[in-house]
Structures are given as structure tokens and as C-alpha cells.
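Architecture and fold: a report
Chain by chain, the residues run as shown.
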Amino acid sequence: MKATVLFIDDDPFMLKALERIARMLRPDWQVLTCHEPKVWQAACVDVQPDIVFCDFLMPGCKGDKVLAECRTMYPNCLRVLLTGDLSEEIISDASHDAHFVLSKPFQNADIDSVFVALSRLLSFNLPDALRAQLTSGLRLPGLPLIARKVRAKIRQPEVNIHEIAVVISQDTVISARLVQLANSAFLGFKHPTHSLAVCLMRLGTSLVEVIVTAMALESHLPEHAHYRAANEKAFQQATISQVLSEAQGLCHDEQEKIFTAAILSGLGRLAALALKDQHVQLPDLLSGIKTEALLSWYLLTSWGYEEDIIQLILDSKNDNYLQQDESALVLALSGYLVDGISDEYFRNLIAQLPDNALKKALKEWPN
């Protein structure tokens, strides 16, 4: 699918380099350039950009301000900030208006990863009005600040757990949830710990990033009990999925993948609740997919999350989930258990499963 890319940078040599990379990676896409950031709109005459890359430090005009203007004029486009400075102040300023922050010097693969996210978004025709609500009204697609800071720390060549712990310790609610999970029974540690750094080591950086993202998004929304309940339901589903994954005999990596997908699936619930609170009427299905799953897909794709996790969430919400692979089946079943279904439906569901340890575990599941 073709797309239109806009690069904004006062350095003509950088513009040429970016244009060359874009034409090499996506030769069929339209590439626009602008070296005068104060009048960047002139580059978009009769065309709407699907993605905007903007340098941060430019004479008389900073990139985060330009992206804020882009957000207002083109709420559906992806926005990328290019910067050689990854200080807390820069990341904070970009947190609402940039989907991605790429540090200089960047590699072709960094640009391509953003193009892949855009291609995935364009491949699914999410209604423009809904995308506009997500990007402008809710201000959700900018990855929450603490999640962005944790992700930046995790992606450093030398990961420092203690530095990550310092960042997370600034949010007591997220810190408490991480400690709770690190001491929970499913990890199997015999001795509890109250050290946040030790908890992070127990959980692993991938899971820590996911938990921080989910918790940060909740804190980004108004303080309503139904937001907390929605997030709690995601964590309950993750715990149930762990039990079912073990019963199914899945390997540790696959169990962690399902656990991660269960937590991230809660993002769609949060977004759906926030839209409902803004009196946005949503159908149960959008393009044949359950709306909450589609909202999770949209947010996670906008944030550059791995496609296999996102696809697992979508597969688990497919009506034919019983014919999906084991991971999607476990995720779907854990979702049914946490949402609550009738005894009759539950019995019929179990009857369709093959005779194995998973079926036995579900038969013994407490009412």
C-alpha cells in the first residue's frame, strides 16, 4: 500500500540522506521534504502526509512544536521526532505528540521499523473518525512518558537494571504492581523481596516494559474506578493464562508471550471505556473484529510493538479461536474466564476441546 512521507529538517544534507533512505526502502511511496520548518505546511499542498519525520533542534522552531501542529492539521498521521538528545526534558516534550523518537545517528533499520508500523496501520482501514478520536481527542497514541523512558533504558546497548528501577520508582503505583507480580506464586520464588531492582530482574525487561506501559496508560486517563477495574481484569487474565499455559505444556517463552499479550489486550478495554466516556458510540465489531481487540491493535502498532504479540491478541478474539494455534486458544480461554460466561456456554466450550490436560484443568476450574 502506497503512503506519503514528509521529512522536515533545516539541514539540506540530512534531508537528502533521509529522502535517499526512504526511496530505497519504499520506492513506490511519495516522499516530500521541507527545509523551512516554520512553513512546513507549504510542502503538503493538495496532499495529506501519512507520516511526518521532524528534526528536534532547528533555528527558531523546535520539532515537538511542529509535530503538535501536524497533530492538529493531520490527526491520523504518524509522527516521528529525530534528535541527538535523549534527555528527560526532550522525551517529556515529545511524549504527547510523537509516536516514535529516533536518536541520531540512526540506522536504515530504524526508519524501516517505523515504515513497517505505518504499513500495518494502513493495511487495516480503521474509520477516519475513530482514528481522529484516538489521536486527537484521547491523546492516547503518544506512548506515556514513563513507558517511553523505560523503553529507552531497556534498549540501551548496556541495560542497567538499577537505572530502570530509579525511573520506575518515581511512580509508586507502578512500582507496587511490579513488586506484587515479582512476588506472586506463578514466578515460583520462595522468598519475597521488596527491592524493586530485584523484582525487575525476576520479571525480565520485556515483561517490565509491558507492565509499565499498561499501568502508565491507565494513569494517563481520568481517575475512574472502571479504568482501574479494566486494567485489573487484564492482569487477572494474564495470571489465568499462566495456569492454562502450564496445563497445555507450552514452553516458557510461549507462556511469557501469552502473559504479555493478556496484559496488553487490556489497552483496548481502556481505550473503549475512554471513548465511551467521551460519548463516542462504538459497535461491538469493526471490520469483523471485536472492537476492543482492534483498539489494542491500533495502539500497539502505533507504538511499534512486535507484530506477533499483536496478531496473537487479534487471533484470540476471532470467532474461530478453537481452530487457532495453542497460544491463541489459551489467551481466548483465559479471556472468557475473566469476563465471566454462563455455565452452559462454559460446558459447551469445554466439550469442543480435545481430551488433554488443558480440558482437565478447565473442568476443574472453580465456578
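Above this text sits the structure in question.
A look at the overall build of the protein
Per the secondary structure count, the protein includes 17 helices and nine strands. A burial count over the protein gives 52% of its 367 residues as buried. Approximately 17,100 Å² of the protein is accessible, and the part contributed by carbon and sulfur atoms is 52%.

Regarding the pattern of salt bridges
One pass over the structure, following the stated rule, counts eight salt bridges. We note a salt bridge from E209 to R151, for which the minimum N-O separation is 3.0 Å. Placement of E209 in helix α10 (residues 205-220) and of R151 in helix α6 (residues 145-154) is noted, with a sequence separation of 58 residues between them. With a relative accessible area of 7%, E209 lands in the buried category. For R151, a relative accessible area of 14% corresponds to the buried category. Between E292 and R269 there is a salt bridge whose closest N-O contact spans 4.0 Å. One end of the pair, E292, is in helix α13 (residues 291-302); the other, R269, is in helix α12 (residues 252-277), with 23 residues separating them in the sequence. Residue R269 is classed as buried on the basis of its relative accessible area, which comes to 6%. What you see here is one network of salt bridges that share partners, running through E254, K257 and D308.

Brief notes about unusual backbone geometry
The phi torsion at D46 lies on the positive side, around 65°, for a residue other than glycine. Within the fold, D46 resides in the loop between β2 (30-34) and β3 (51-55). On the accessibility criterion, D46 (81% relative accessible area) is exposed.

About the cut-offs
- Residues numbered from 1 in each chain as written.
- Predicted model: local features only at pLDDT ≥ 70, side-chain atom pairs only at ≥ 80, totals over all residues.
- Heavy atoms only, no water.
- Helix = DSSP H or I, 4+ residues; strand = E, 2+ residues; numbered from the N terminus.
- Buried < 20%, exposed > 50% of the residue type's maximum accessible area, 1.4 Å probe, protein only.
- Areas by Shrake-Rupley, 256 points an atom, 1.4 Å probe, with all protein chains shown as cover.
- Salt bridge = Lys/Arg side-chain N within 4 Å of Asp/Glu carboxyl O.

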